[in-house]
Structures are given as structure tokens and as C-alpha cells.
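As a plain string of letters, each chain reads:
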Amino acid sequence: MSTSIRRVGIVGGGQMGAGIAEVCARAGLDTLVAESDATAARAARERIAVSLERAVQRGKLDRISAEDAQARLAFTGDLDDLADRQLVIEAVTENAEVKTGIFTALDKIVEDPGAILASNTSAIPIMRLGMATGRADRLLGLHFFNPVPVLPLVEIVTSLHTTTDTVETVESFVRDALGKTAIRSQDRSGFVVNALLVPYLLSAIRMAESGYASAADIDAGMVLGCAHPMGPLKLADLIGLDTVAAIAESLYAEFKEPLHAPPPLLRRMVQAGLLGRKSGRGFHTYDRG
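Residues numbered from 1 in each chain as written. Predicted model: local features only at pLDDT ≥ 70, side-chain atom pairs only at ≥ 80, totals over all residues. Heavy atoms only, no water.

### A look at the overall build of the chain
Turning to step 1, where the next piece is worked out: Across its full length, the chain holds 11 helices and 8 strands.
Turning to step 2, where the next piece is worked out: Expressed as lengths along the three principal axes of its C-alpha atoms, the size of the chain is roughly 55 × 45 × 35 Å.
Turning to step 3, where the next piece is worked out: For the chain, with 289 residues in total, the buried portion stands at 49%.
Turning to step 4, where the next piece is worked out: Across the chain, contacts joining residues at least 24 apart in sequence account for 67% of those joining residues at least 6 apart.
Turning to step 5, where the next piece is worked out: When the accessible surface of the chain is split by element, carbon and sulfur atoms take 53% of a total near 13,200 Å². (Helix = DSSP H or I, 4+ residues; strand = E, 2+ residues; numbered from the N terminus. Buried < 20%, exposed > 50% of the residue type's maximum accessible area, 1.4 Å probe, protein only. Contact = heavy atoms within 4.5 Å. Areas by Shrake-Rupley, 256 points an atom, 1.4 Å probe, with all protein chains shown as cover.)

### A short note on helix α2 (residues 38-57)
Turning to step 1, where the next piece is worked out: In this model, α2 (20 residues) spans 29 Å end to end at C-alpha, consistent with the 28 Å of a helix rising 1.5 Å per residue.
Turning to step 2, where the next piece is worked out: Within the span of α2, buried status applies to A40, A41, A44, I48, S51, L52, A55 and V56. Viewed end-on, α2 has its buried residues packed into an arc of 160°, placing them on one side of the element. Across α2 from its buried face, at more than 90 degrees, point the exposed residues T39, R42, E46 and Q57.
Turning to step 3, where the next piece is worked out: Elements in contact with the buried residues of α2: α1 (15-26), β2 (30-34), α3 (63-72) and β3 (73-76).
Turning to step 4, where the next piece is worked out: Sitting at the amino-terminal end of α2 is D37, which places a side-chain oxygen 3.1 Å from the backbone nitrogen of T39.
Turning to step 5, where the next piece is worked out: Trailing α2 by a residue or two, G59 shows a phi angle of about 75°, which is positive. (Expected span 1.5 Å × (residues − 1). Arc of directions from axis to C-beta. Polar contact = N/O pair within 3.5 Å; in protein donor to acceptor, adjacent residues only side chain to side chain.)

### So, helix α8 (residues 215-226)
Turning to step 1, where the next piece is worked out: Taking 1.5 Å per residue as the helical rise, α8 with its 12 residues ought to reach 16 Å, and the 16 Å between its terminal C-alpha atoms agrees with that figure.
Turning to step 2, where the next piece is worked out: Inspection of α8 places A215, I218 and D219 among the buried residues, and these make up the whole buried set. For α8, the buried positions fall inside an angular range of 95° around the axis, keeping them on one side. Facing away from the buried side of α8 by more than 90 degrees, the exposed set consists of D217, L224 and G225.
Turning to step 3, where the next piece is worked out: Tucked into the core, α8 has its buried residues touching α7 (193-209) and α9 (232-239).
Turning to step 4, where the next piece is worked out: Downstream of α8 by a residue or two, A227 has a phi angle that is positive, lying close to 60°.

### Observations concerning the side chain of E90
Turning to step 1, where the next piece is worked out: Within the secondary structure layout, E90 lies in strand β4 (residues 87-90).
Turning to step 2, where the next piece is worked out: Within the structure, E90 has its side chain in polar contact with the side chain of S119 (distance 2.5 Å).

### Comments concerning the pattern of salt bridges
Turning to step 1, where the next piece is worked out: According to the stated counting rule, one finds 15 salt bridges in the structure shown.
Turning to step 2, where the next piece is worked out: Across the salt bridge formed by R135 and D107, the nearest N and O atoms sit 2.9 Å from each other. Here R135 is found in the loop between α5 (126-130) and β6 (139-144), whereas its partner D107 is found in helix α4 (residues 96-109), with 28 residues between them in sequence.
Turning to step 3, where the next piece is worked out: Classification of R135 as buried rests on a relative accessible area of 9%.
Turning to step 4, where the next piece is worked out: On the basis of relative accessible area, D107 is assigned to the partly exposed category, the value being 22%.
Turning to step 5, where the next piece is worked out: One salt bridge connects E249 with R267, and the closest N-O pair in it is separated by 2.8 Å. Pair noted here: E249 is in helix α10 (residues 241-255) and R267 is in helix α11 (residues 264-271), with a separation of 18 residues, a long-range link.
Turning to step 6, where the next piece is worked out: The class for R267 is partly exposed, based on a relative accessible area of 34%. (Salt bridge = Lys/Arg side-chain N within 4 Å of Asp/Glu carboxyl O.)

### Some thoughts on the pairing of β2
Turning to step 1, where the next piece is worked out: Where burial is concerned, most of β2 is hidden: 4 out of the 5 residues are buried.
Turning to step 2, where the next piece is worked out: In terms of strand pairing, strand β1 (residues 7-11) meets β2 through 5 bridges, oriented parallel. Across the sheet, residue G9 finds its bridge partner in β2, namely L32.
Turning to step 3, where the next piece is worked out: This β-α-β element, β1 to α1 to β2, shows right-handed connectivity.
Turning to step 4, where the next piece is worked out: As defined by bridge partners, β2 adjoins β3 across 4 bridges and the pair is classed as parallel. Each residue of the ladder has a partner; that of T31, found in β3, is L73. (Pairing = 2+ DSSP bridges. Right-handed = clockwise from strand over helix to strand, strands pointing away.)

Here you go:
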């Protein structure tokens with residue numbers, strides 16, 4: 001049962017990993033964040049502290065709860081420290097080789113054979129990640145959405161090896177411990193949300209690339225004309241253009257549909273380091289302070 005999961009490990013303390021760690025700590029769980037080194041671990045700690053303080057200032061969280069969450073968080077630059085975790089969620093860059101390497105290592109490090117390994121991947125096949133371990137039956141996709149403390153959805157993605165018990169345990173954990181809504185998806189690239197969302201984002205990028213309309217007008221059209229909370233190009237900037245490109249590559253590799261192919265403009269922007277909000281510039285410009 002989900003109530004037995006009290007010790008959670010997060011691999012990666014970037015935007016997504018920090019958000020997942022924050023919601024776990026706020027849910028009363030013993031949460032350990034592993035980063036590549038001590039410097040990155042300190043940066044992850046600061047990222048979560050800033051997010052918790054922002055929640056307090058906005059009245060979404062009281063001061064005592066924020067302090068309690070901070071007390072439940074620990075940080076390390078050594079993956080070996082995750083040995084005693086009951087659930088480990090990987091949340092590193094959207095790169096299949098990097099992720100498979102981490103899961104191969106975790107398979108040797110995590111001591112409990114009943115522990116569950118999960119990936120926050122947006123599109124990489126779960127079967128590929130599971131087969132990098134000796135416990136594919138205890139590995140699945142656990143895809144959160146950005147910003148994690150705000151958005152209520154989590155996709156649970158199963159491979160052909162994932163057991164029913166693993167799925168039910170994680171679904172109960174997501175619902176009862178984290179207070180989020182879970183939907184299930186089969187192991188197809190993009191899962192449910194990104195298989196629908198990314199072709200829409202790519203269409204908007206092609207529209208801007210061709211000079212059909214400006215980025216501002218494309219976004220205004222969807223916000224004011226279709227009641228979307230955010231325009232497609234601003235949303236792509238929020239997700240990260242490198243992540244959008246990686247998901248598109250994964251979709252195209254699996255389905256070979258032209259609408260999934262990353263447009264040349266997207267590739268060039270990623271090469272130029274214009275990644276959206278996190279770099280300060282994408283289709284729009286942002287204040288990084």
C-alpha cells in the first residue's frame with residue numbers, strides 16, 4: 001500500500017526534480033534529492049527553498065508547514081545514498097542514454113528488491129528504461145507536470161513488464177499521499193498529454209517560422225480566441241525548447257509522422273541556447289531575476 005512508502009528519493013534537482021521533491025516533502029515524506037555533485041545539490045536546496053517561500057508569500061502555504069517541509073528534505077551529491085529508498089523517481093535531462101545509465105546504477109544501489117523505480121520522462125519508452133535494470137517489473141513512468149506544486153495531474157505509464165501490484169501501489173501513493181490525480185497510459189511515446197500537446201506546439205512553431213504571424217499574435221489568438229490559459233509558444237518556452245525538441249524527436253522516431261518532426265527553427269534555437277524561460281529567451285524574453 002502507498003502508506004508503506006515513506007522514504008522517497010529524487011534523482012535530479014532541476015526544475016522538475018525540485019518540484020517533485022517539494023510536493024513529497026510537503027506530503028510528510030522523508031525526501032532525499034540526489035544531484036551530480038555537492039554544488040548541484042546546494043543549488044537544488046536553494047531552488048526548493050525559494051519555491052516554498054514563494055508559496056508562503058502567496059498564501060498557498062503557512063510558514064510552519066513550509067519549515068516542516070524543509071526539515072524533511074535532505075540533499076546529496078552521491079547516488080549511493082539512495083540505497084534505503086522505497087521509491088526513487090528519476091527526473092534528469094530528457095536523454096535516453098543518461099536515464100538508462102542512472103537506472104542501471106540504481107538497480108545495483110537500491111537495496112530493497114520490492115522498491116519501485118520510476119521515471120519522470122516525457123516521452124522515452126519505459127520498456128527501454130526497465131530493460132536497463134534487473135527489475136523491469138518494478139519500474140514505471142511517473143510523469144509530473146510543470147509547475148509540479150501547482151498542477152494536479154500525474155501520468156502513470158506501464159511497460160509490458162510492470163506488475164499490477166506496482167501500478168496500484170504507485171497510483172495509491174499519487175492519490176493518497178500526494179493528493180494528485182493519476183491517469184494511466186500505455187507505453188507509447190508521448191503518453192497521453194504530450195502525444196496530444198506537442199504536435200500543437202510544433203504547429204505553432206512552424207507558423208512563426210514561416211512568418212504567418214508573430215509569436216505574440218499566435219499566442220494572443222489562442223488565449224483570447226480559444227480561451228487557452230497560455231499561448232502555445234509561451235507554453236513551449238515554459239516547458240523548455242530543448243525538452244520540446246526531445247519529445248518531438250521521440251514521437252517522430254516511434255510514429256514517423258511529419259507533424260512530429262522538430263521544425264528547423266526549433267532545432268536552431270536549441271543549438272543557440274535559446275531554451276525559453278529557463279535561459280531568459282525563447283520565443284519571448286524573460287527576466288531571469
